[in-house]
Amino acid sequence: MRNYLLKMKAFLMVAMLMVISIAAANAQGREVTGTILDATLKDPLPGVTVLIKGTTRGTNTDLDGQFRLNVQPGDETLVISFVGFTPQELSIGNQSVFNIELEEDIMSLQESVVIGYGTQDKKEITSAVASVGSEQFNRGNFTNPTQLLQGKVAGLSVTRPGGNPNSQPTVRLRGISSFGATQSPLIVLDGVIGASIDAVDPNDIETFDVLKDASAAAIYGTRGAAGVILITTKRGSSRKGVSNVTINSFGSADVATNLIPILSPEEFVERGGVDYGSRTDWRDEILQTAYNGTVNASVTGGFENTSYLASVNYRNNDGIIRGTNRETLNTRFNLNHGALNNRLRMNLTLSYTDTEAQDVNGEAVRYATVFNPTAPIRESGAEAENNFGGYFQRPLFDFYNPVALINQQKFTTEVRAALYSYRVEYDLTDKITIASQFSQDKLTVLSTQFFSRQDFQTGFGRNGQAGQNMFDRTQSIWNGTIRFEDEIFDRMNFTFLLGGETQTFAERGMNASTTRFLFDLGPNNLGAGGLRFGPGTGMDSFASRAVLNSFFGRANFNYSNTYFLSASLRAETYSGFGRENQTGYFPAISAGADFTQIFDMGIFSQFKPRASFGVVGQLPPSPTLALGIFGNGNRIPLDPTNPIGSVFVGPRRLSNPNPQLQWETTQEFTVGLDYALFNGKVTGQMDYYQRNISDLIFNVTVGRGFPSAVEPGRPYTADNVWANVASLSSAGFEFLATVNDVKLGPVSWTPTLNFTIYKRTRISDLGAGSLSIGEIRQGVPGSPGQNDNPMIWNREGERIGDFYGPRLLGLTDGGEYILSGETPGEFERLGSALPTGDFGFSNTFVYGNWDLNLLLRGSWGHMIYNSFRGFYENADGASLTWNSVLTKNTPTSPLVTSTPSFSDLYLEKGDFVRLDNLQIGYNIPTGSASVNNLRVYGGVQNLFTLTQFSGVDPEVRWEDGTGNDANPLAPGIERRNTYFLPRIWTMGLTLNFK
């Protein structure tokens with residue numbers, strides 16, 4: 001997209017939002033005032049929270065540390081809290097003026113953590129929950145918000161093999177949670193459940209709270225089986241008359257790295273390749289140094305009892321392959337207002353994101369590596385000019401000019417994501433609060449494909465091809481809750497939450513493609529295509545609607561800030577399940593105790609063991625699977641004498657109904673420890689979990705006409721049925737430790753280490769009743785010659801993601817394979833595609849006004865199939881059509897002369913350590929009363945990687961493919977269309993002023 005109107009709209013939006021203001025509510029009741037100081041430095045503390053105990057009525061101190069607050073008859077205690085300081089409780093009595101000093105608290109155990117439908121003090125958490133604030137985020141140029149968490153949370157894997165700016169990261173929490181339904185954690189954005197990640201810009205996020213275990217996620221019922229990531233966006237300040245403007249702008253340069261070594265033109269010819277007389281570096285022809293820019297502008301401010309944030313974010317990301325681009329404009333407005341002495345609180349969130357992306361055929365990456373290096377880019381002659389636009393092409397199998405692919409094919413995607421949410425809370429009494437929230441999340445995607453009439457790969461034989469795909473999703477959610485909090489007896493605090501929720505999911509889409517164009521008109525005039533049926537053509541549309549109704553409750557107990565207990569239950573009814581199984585129940589319980597409040601624990605300033613158990617569910621990938629789907633069949637002429645005028649499309653059953661289809665159910669048990677040593681100098685947590693998943697939903701092949709196992713007395717009328725047919729089990733250990741403010745002379749160093757050790761997921765059952773499967777073989781290498789050779793065998797009683805095949809015992813003198821077995825019955829288990837563990841090591845160094853942040857990250861224990869070696873390493877005659885790769889793992893004495901075939905020769909260890917992010921910054925002293933912060937910084941992403949893997953990227957592949965075509969039963973394959981990996985250099989500036 002090169003629409004500069006979008007940029008003008010962005011700046012106009014900022015100007016408009018800066019003048020928005022809300023009048024403060026009239027104060028009532030007796031007023032108390034006060035000043036709050038740092039007990040050590042005697043400096044005023046702005047932003048300190050002052051609350052009436054047992055209520056949510058309160059205020060914050062201003063820039064001078066002063067506050068004003070109305071109190072009512074019956075108000076007894078002020079609660080003073082501020083992040084990094086020990087909270088205080090003060091009796092109000094008849095006192096009107098308070099002078100308060102807060103002591104620093106390194107541990108900050110009173111920090112609030114966002115949990116389902118509310119918050120909880122960090123000290124009270126008894127489940128596996130991880131919080132990551134904005135100061136801990138990864139630094140760099142990221143197109144997806146989840147990349148801010150990469151390497152930051154034990155048990156959370158965020159991977160994006162290759163460097164395509166349009167590819168979305170794969171996010172896995174505690175490994176595999178399903179293989180028929182979604183495996184990605186549920187996103188809850190400012191309380192909006194299942195919100196699109198496209199609805200928020202990375203710059204607008206304040207915190208991530210990750211609910212890792214089932215006891216924490218059970219409050220979300222059927223949508224929490226893969227974990228939950230709660231995103232809280234930034235808010236304004238409620239300090240009266242205070243506003244701040246922040247501008248963050250940076251530019252980056254992306255450079256391709258780690259290109260797979262190949263033969264030079266001379267070496268290629270010497271090996272027997274055809275010499276076309278030129279010398280072409282094909283990768284150099286399609287690669288570029290990508291120069292990108294990002295601008296974030298936000299305005300925050302507040303009046304008494306009112307705060308707001310308005311932001312505009314613009315990102316332009318060109319890829320290192322010519323023709324790839326992603327341009328995003330995001331706008332956001334958050335408004336919070338309190339009335340009736342802050343007993344009534346209202347929140348409004350509006351967000352809109354506009355993304356336009358351009359992409360290229362991924363096969364251009366493959367051909368840029370292996371296309372004949374002696375071929376020219378273009379050639380003269382009437383045939384080349386008329387048929388192929390002057391590009392060099394030859395009628396050989398799997399042989400396409402990569403420059404032509406980029407220039408003669410075009411793929412675009414437009415994404416529009418809008419989210420609006422309204423929330424209101426009211427304190428019925430000092431102990432009872434009711435709340436209600438309505439939100440709607442709308443996502444619209446329009447994608448196009450275009451193949452020129454002269455495109456040799458697709459368009460040439462069809463006189464051009466073009467298509468469009470439209471998808472629209474609307475998710476509406478309404479919920480209401482009532483919260484009761486009280487001290488039910490001496491030192492026993494009790495909080496109870498009860499709520500109801502209804503969610504509506506509506507989707508629709510349309511796809512159309514056609515061929516045979518007189519001219520290259522692009523994808524926006526499909527009517528110019530002369531052919532409406534046959535290869536490359538089609539037209540279809542669809543729509544679905546589902547409803548999820550829920551009731552839930554949670555009770556939290558805190559005895560003397562020492563013993564903690566939490567229990568919850570959610571009941572849900574979903575219209576997309578079989579009529580016999582539409583309602584499920586999801587309980588959870590967790591408990592913990594801080595032993596330092598009971599015993600003298602020596603060096604421990606916190607030692608809180610905890611245990612939890614929870615049950616969560618999983619929705620099916622479509623709300624129609626239980627019904628038995630009908631689709632379009634063949635065109636049928638009903639009147640043989642009028643074969644055109646009497647043609648109709650008959651219906652065809654695509655899958656059998658299953659009235660017994662039900663939830664996937666995950667049961668998870670976790671034991672953990674939250675700890676702190678040396679008065680909070682060292683803090684962290686560790687967890688061990690065991691997970692059992694039953695009734696996995698999977699599409700099973702059945703015999704048409706045979707008796708149905710899910711509808712007794714009826715036959716199958718289609719070749720497949722969705723059913724609950726499998727069980728999985730897994731376990732793991734997670735560890736996190738932070739050492740706060742280590743003094744290295746004048747340098748302050750804060751390191752954080754986290755790691756996860758996985759017990760790989762095992763299939764304990766595969767099949768149900770007469771629906772016996774036994775094993776699922778996936779992961780076919782592909783053409784040429786390896787279409788009937790699945791590498792990943794998923795067997796009952798064994799692990800998901802194991803490679804099976806022959807072992808290479810050696811090579812003959814002539815370079816022929818000597819294998820351990822020739823038939824599948826003789827194949828061996830060769831290794832696992834899934835990791836044994838992963839880690840992240842974050843470091844922050846501060847020296848005066850300088851700061852340095854870096855992240856080392858890695859994984860180990862996983863194997864990767866190197867497809868470039870598996871197809872283009874051998875020196876047999878049939879392989880001489882393509883150039884050959886010559887990596888550090890390629891046998892050279894002798895060269896392999898067998899026709900390429902899968903064995904452990906092409907499996908490589910994926911273990912790696914990568915310097916993912918490094919950024920150095922300097923805060924410039926300004927001496928200006930209006931400039932709060934002026935910072936310049938520079939950094940690099942993907943500076944180096946230590947690995948034995950000789951492919952493009954050793955990153956873990958949790959699945960094969962992307963999007964709706966992703967296959968979790970075929971992990972560990974680096975395909976030949978993997979986008980090259982960039983190194984990203986960044987320079988930027990942040991300015992904050994009043």
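Residues numbered from 1 in each chain as written. Predicted model: local features only at pLDDT ≥ 70, side-chain atom pairs only at ≥ 80, totals over all residues. Heavy atoms only, no water.

**With respect to the overall build of the protein**
Helix and strand counts for the protein stand at 8 helices and 51 strands. Since a compact globule built from 994 residues should have a radius of gyration of about 30 Å, the 31 Å found for the protein is in line with a globular shape. Summarising its shape, the C-alpha atoms of the protein cover approximately 95 × 75 × 60 Å along the three principal directions. Per-residue burial for the protein yields a buried fraction of 54% across its 994 residues. (Helix = DSSP H or I, 4+ residues; strand = E, 2+ residues; numbered from the N terminus. Rg over C-alpha atoms; globule rule 2.2 N^0.38 Å. Buried < 20%, exposed > 50% of the residue type's maximum accessible area, 1.4 Å probe, protein only.)

**A short note on the environment of Pro784**
As for its placement among the helices and strands, Pro784 is situated in the loop between strand S38 (775-778) and strand S39 (792-795). For Pro784 and Ile92, which are 692 residues apart along the polypeptide, the C-alpha to C-alpha distance reads 81 Å. In contact with Pro784, other than residues within four places in its own chain, are Phe397, Asp398, Phe871, Trp882 and Arg976. (Contact = heavy atoms within 4.5 Å.)

**Points about the sheet that holds strand S10 (residues 129-133)**
If you trace the 5 strands from one edge of the open sheet to the other, you get S10-S15-S16-S13-S14, paired in mixed fashion. Of all the strands in the sheet, just S10 and strand S14 (192-193) have a single pairing partner and so form its edges. (Pairing = 2+ DSSP bridges.)

**Observations concerning helix H5 (residues 363-370)**
Note on helix geometry: an α-helix contains 3.6 residues per turn, so any two residues three or four positions apart are oriented the same way. H5 sits mainly inside the fold: 8 of its 8 residues count as buried. All of the buried residues in H5 are Glu363, Ala364, Val365, Arg366, Tyr367, Ala368, Thr369 and Val370.

**What about a nonpolar patch on the surface?**
On the surface, Leu340, Tyr426, Leu428, Ile434, Ile482, Phe496 and Leu498 cluster together into a nonpolar patch covering about 560 Å² of accessible area. Secondary-structure assignment places Leu340 in the loop between strand S20 (325-339) and strand S21 (344-359). Looking at Leu340, the relative accessible area reads 47%, which means it is partly exposed. (Patch = residues over 30% accessible without salt bridge, like charges linked within 9 Å, V, L, I, M, F, W, Y side chains within 5 Å. Areas by Shrake-Rupley, 256 points an atom, 1.4 Å probe, with all protein chains shown as cover. Salt bridge = Lys/Arg side-chain N within 4 Å of Asp/Glu carboxyl O.)

**Topic: the pattern of salt bridges**
A full pass over the atoms with the stated rule returns 52 salt bridges. Its salt-bridge partner being Asp354, residue Arg416 comes within 2.7 Å of it at the nearest N-O pair. Of this pair, Arg416 sits in strand S22 (residues 409-427) while Asp354 is found in strand S21, placing the two residues 62 residues apart along the sequence. Residue classification places Asp354 among the buried positions, given a relative accessible area of 7%. Where Arg570 meets Glu501, a salt bridge forms, and the shortest distance between an N and an O atom there is 2.7 Å. Of this pair, Arg570 sits in strand S27 (residues 563-574) while Glu501 sits in strand S25 (residues 492-515), placing them 69 residues apart in sequence.

**Comments concerning the side chain of Thr300**
With respect to the helices and strands, the residue Thr300 is situated in strand S18 (residues 290-303). Judged by relative accessible area, which is 17%, Thr300 ranks as buried. Once you skip the residues sitting within four places of it in the chain, Thr300 turns out to touch Arg235, Gly236, Val242, Ser243, Asn244, Tyr308 and Leu309.

**What about the confidence of the model for the protein?**
Any segment with low pLDDT has predicted coordinates that should not be analysed in fine detail. This prediction gives the protein a mean pLDDT of 90; 95% of its residues lie at or above 70. Confidence, read as mean pLDDT per element, is least for helix H1 (residues 4-18) in the protein (41) and greatest for strand S46 (residues 863-866) (98). Predicted confidence for residues 1-28 stays below pLDDT 50, and this span has 48 contacts to residues more than four positions away or in other chains. (pLDDT = per-residue confidence, 0-100.)

**So, the sheet that holds strand S40 (residues 802-805)**
Ordered by their spatial adjacency, 4 strands build an open sheet running S38-S39-S40-S43, and the pairing between neighbours is antiparallel. At either end of the open sheet lies a strand with only one pairing partner, and these are S38 and strand S43 (828-832). The average undirected angle you get between the axes of adjacent strands in this sheet is 35°. In this structure, S39 lies alongside S40, joined through 2 bridges in antiparallel fashion. (Axes fitted to C-alpha atoms, helices over the stretch in contact; angles between N-to-C directions.)

**Concerning the packing of aromatic side chains**
This structure, assessed with the given rule, holds 36 aromatic pairs. Where Phe803 meets Phe902, the ring centres are 6.4 Å apart and the plane angle is 35°; that geometry is what we call tilted. A residue pair is termed long-range when its members are at least 10 positions apart, and Phe803 in strand S40 and Phe902 in the loop between helix H8 (867-872) and strand S47 (907-909) qualify at 99 residues. The class for Phe803 is buried, based on a relative accessible area of 0%. Taking relative accessible area as the criterion, Phe902 reaches 3% and is therefore assigned buried. (Phe/Tyr/Trp six-rings, centres within 6.5 Å; stacked < 30°, edge-to-face > 60°.)

**Structural notes on the environment of Gln468**
Relative to the helices and strands, Gln468 is located in strand S24 (residues 465-489). The residues touching Gln468, leaving out its near neighbours within four places in the chain, are Leu446, Ser447, Thr448, Gln449, Met510, Asn511, Ala512, Pro523, Asn524 and Leu526.

**Quick word on unusual backbone geometry**
Residue Ser783 is joined to Pro784 through a cis peptide bond whose omega torsion reads 0°. Here the residue pair Ser893 and Pro894 is connected by a cis peptide bond, since its omega of 0° sits within 30 degrees of zero. Tracing the backbone through its elements, the reader meets Pro894 in the loop between H8 and S47. For Tyr117, which is not glycine, the phi dihedral falls at a positive 60°. Checked against the element boundaries, Tyr117 lands in the loop between strand S8 (112-115) and strand S9 (118-121).

**So, the pairing of strand S33 (residues 682-701)**
Bridge count between strand S32 (residues 664-677) and S33: 13 bridges; the pairing is antiparallel. From the neighbouring strand, Tyr675 faces S33, where its bridge partner is Gly684. Between S32 and S33, which pair antiparallel one after the other, the connecting turn spans 4 residues, and Phe678 there sits at a positive phi close to 55°. Alignment of S33 against strand S34 (residues 720-739), held across 18 bridges, turns out to be antiparallel. Considered in S34, the bridge of Ile693 is made with Leu728.

**Concerning the side chain of Gln440**
Inspection of the secondary structure puts Gln440 in strand S23 (residues 432-451). Judged by its relative accessible area of 15%, Gln440 is buried. Polar side-chain contacts of Gln440 include one of 2.7 Å to the side chain of Ser476. When near neighbours in sequence (up to four residues on either side) are disregarded, Gln440 contacts Ala418, Leu419, Tyr420, Thr474, Gln475 and Ser476. (Polar contact = N/O pair within 3.5 Å; in protein donor to acceptor, adjacent residues only side chain to side chain.)

**Some thoughts on the environment of Thr978**
Position of Thr978 relative to the elements: it lies in the loop between strand S50 (973-974) and strand S51 (981-993). Excluding its chain neighbours within four sequence positions, the residues that come into contact with Thr978 are Gly162, Val365, Val952 and Arg957. At 2.8 Å, the side chain of Thr978 and the backbone oxygen of Arg975 are in polar contact.

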